[in-house]
Amino acid sequence: MIRVVDLHKHFGGVRAVDGASLNIGKGAITGLIGPNGAGKTTLFNVIAGVYPPTSGRVFLADEDITGLRPHQLYRRGMVRTFQIAHEFTTLTVLENLMASVGNQTGESLVGAWLHRGRVREEEARLRGRAEEVIEFLNLGEVADTPAGELSGGQKKLLELARVMMTGAKVVLLDEIGAGVNRTLLRSISGAILRLNIHHGYTFCLIEHDMDLVSLLCDPVIVMAEGKVLVEGSPVDVRSDERVIEAYLGSRSRNGGLGTAGPA
């Protein structure tokens, strides 16, 4: 679904991404891990159009999307979430979902005045779709709650709900488990699995929690110093000496990574 070829992103003399190449398979949940400063978030930002690359290419399916902006990628079915959720704080959960769909007739002054019937039909259709998404993600108890009053975990579920409303093909998730309690984390991971298995979503996620990575992801891609260090199954990656050295700065005879190492 995504192919990255010899990607570089430099900030002055800092090579945040330094020749990274990787593939994110269609229908997979791919994990992206590595020690702090490995270049993971910068790589995400280049793929998602937040930063233009210094050099290299990014492809979505067979289309070269290098340098396209986030709104252009949104129209092609790619969305990115952030470690800190971004919601319309004063709108309810239901209203957030209805507002997340672009190109609505009522967005323009002319459309709102001259096509009121169409606006009402669109809003009714969007409301029905939003209610289906809320039921799918078990958000019914907070459907009428202003999004700014949600917990951190509920806001992450709201991010997934907004993704569902967009009809995205591929989703980049940045630390979906950050600051989330274990109960809600199970709900989030379950939602990701259901979206992947039953709706065919392709995910790539940056995550700190190695238990969550092991549960959700195969393959796992490890970055270090702006490059792809190794790729493999969660079991193979956690016991790979190169990965252990990248995280700990030294080789470990005992092997393996902890359940929640830095990513």
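Here, the structure is the one placed above.
Everything quoted here is computed from the prediction, not taken from an experiment.

Rules used in this analysis
- Residues numbered from 1 in each chain as written.
- Predicted model: local features only at pLDDT ≥ 70, side-chain atom pairs only at ≥ 80, totals over all residues.
- Heavy atoms only, no water.
- Buried < 20%, exposed > 50% of the residue type's maximum accessible area, 1.4 Å probe, protein only.
- Helix = DSSP H or I, 4+ residues; strand = E, 2+ residues; numbered from the N terminus.
- Pairing = 2+ DSSP bridges.
- Contact = heavy atoms within 4.5 Å.
- Salt bridge = Lys/Arg side-chain N within 4 Å of Asp/Glu carboxyl O.
- Axes fitted to C-alpha atoms, helices over the stretch in contact; angles between N-to-C directions.
- Phe/Tyr/Trp six-rings, centres within 6.5 Å; stacked < 30°, edge-to-face > 60°.
- 1 Å grid on protein atoms, 1.4 Å probe; cavity = no way out; pocket = protein on both sides within 12 Å on 5 of 7 lines; lining within 4 Å.
- Points joined across faces, edges and corners; volume = space filled by probe spheres on them.
- Nonpolar A, V, L, I, M, F, W, Y, C, P; charged D, E, K, R; others polar.

**Q** Looking at this structure, I do not really get helix α1 (residues 40-47). What am I missing?
**A** What sets the pattern is the α-helix's 3.6 residues per turn: residues three or four places apart point alike. Along α1, seven of the eight residues are buried, which leaves the element largely enclosed by surrounding structure. Turning to α1, its buried residues number three or more, namely K40, T42, L43, F44, N45, V46 and I47. Among the residues trailing α1, G49 stands out with phi positive, at a value near 85 degrees.

**Q** Hey, could you run me through the pairing of strand β10 (residues 227-232) in this one?
**A** A regular strand places its side chains on the two faces of the sheet in alternate fashion. Pairing analysis gives five bridges linking strand β9 (residues 220-224) to β10, with the strands arranged antiparallel. Each residue of the ladder has a partner; that of I221, found in β10, is E231. From the end of β9 to the start of β10, which pair antiparallel, there are two residues, and E225 there has a positive phi angle of about 55 degrees.

**Q** What should I look at first to understand the environment of G153 in this one?
**A** Note that G153 resides in helix α6 (residues 152-166). Look at G153 and you get buried, because its relative accessible area is 4%. For the pair G153 and V180, spaced 27 residues apart in sequence, the C-alpha separation works out to 4.9 Å. Once residues lying within four places of it in the same chain are set aside, the contact partners of G153 are V180, L184 and I188.

**Q** In this structure, what is going on with the pattern of salt bridges? I would like to understand it.
**A** Note that side chains of opposite charge can pair when their charged atoms are close. Inspection of every chain in the model, using the stated rule, returns eleven salt bridges. Note that D174 and R80 form a salt bridge whose closest N and O atoms lie 3.2 Å from each other. Of this pair, D174 sits in strand β7 (residues 170-174) while R80 sits in strand β6 (residues 78-80); the two residues are 94 residues apart in sequence, bridging distant segments of the chain. Residue D174 is classed as buried on the basis of its relative accessible area of 5%. Since its relative accessible area comes to 13%, R80 is described here as buried. Two residues, E87 and K155, come together in a salt bridge whose shortest N-O distance is 3.4 Å. With E87 in the loop between β6 and α3 (93-99) and K155 in helix α6, the pair connects residues that are 68 residues apart, well separated along the chain. For the pair formed by E87 and K155, the shared burial category is buried. Taken together, the shared-partner salt bridges connect R15, D18 and K227 into one network.

**Q** Honestly, the sheet that holds β6 in this entry has me stumped. Any pointers?
**A** Backbone hydrogen bonds are what pair the strands of a sheet, in a parallel or an antiparallel way. Pairing within the open sheet is mixed, and its six strands lie in the order β6-β7-β8-β3-β9-β10. In this open sheet, the two strands that pair with only one neighbour each are β6 and β10. Across the sheet, the mean angle separating the axes of adjacent strands is 20 degrees when strand polarity is ignored.

**Q** What am I meant to see in the packing of aromatic side chains here?
**A** Here the distance between the centres and the angle between the planes together describe a pair of aromatic rings. Enumeration according to the criterion identifies two aromatic pairs in this entry. When the ring of F11 is compared with that of Y51, the centres are 5.4 Å apart and the planes differ by 80 degrees; the resulting orientation is edge-to-face. Within this pair, whereas F11 is found in strand β1 (residues 2-11), its partner Y51 is found in the loop between α1 and β4 (55-60), the two being separated by 40 residues in sequence. In this structure F11 comes out as partly exposed when scored by relative accessible area, which is 37%. On the basis of relative accessible area, Y51 is assigned to the partly exposed category, the value being 30%.

**Q** Would you mind showing me how to read the sheet that holds β1 here?
**A** Across the sheet, four strands lie side by side as β2-β1-β4-β5; this open sheet has antiparallel pairing. Strand pairing shows two members of the sheet lacking a second neighbour, β2 (14-24) and β5 (63-64), which therefore form its edges. The strands touched by α1 within the sheet are β1, β2 and β4, with β1 carrying the most contacts at an inclination of about 115 degrees.

**Q** Just checking my understanding: could you explain the layout of surface pockets for this structure?
**A** Any empty space left between the atoms is revealed when a probe the size of a water molecule rolls over them. Here the largest pocket is characterised by a volume of approximately 530 Å³. Forming the boundary of the largest pocket are 18 residues, of which Y74, V79, R80, F82 and R162 lie nearest the centre. Counting only elements with at least two residues in the lining of the largest pocket, the list comes to α2 (70-75), β6 and α6. Split into classes, the residues belonging to the lining of the largest pocket amount to nine nonpolar, six polar and three charged.

Purely geometric stuff here, so don't read any function into it on its own.
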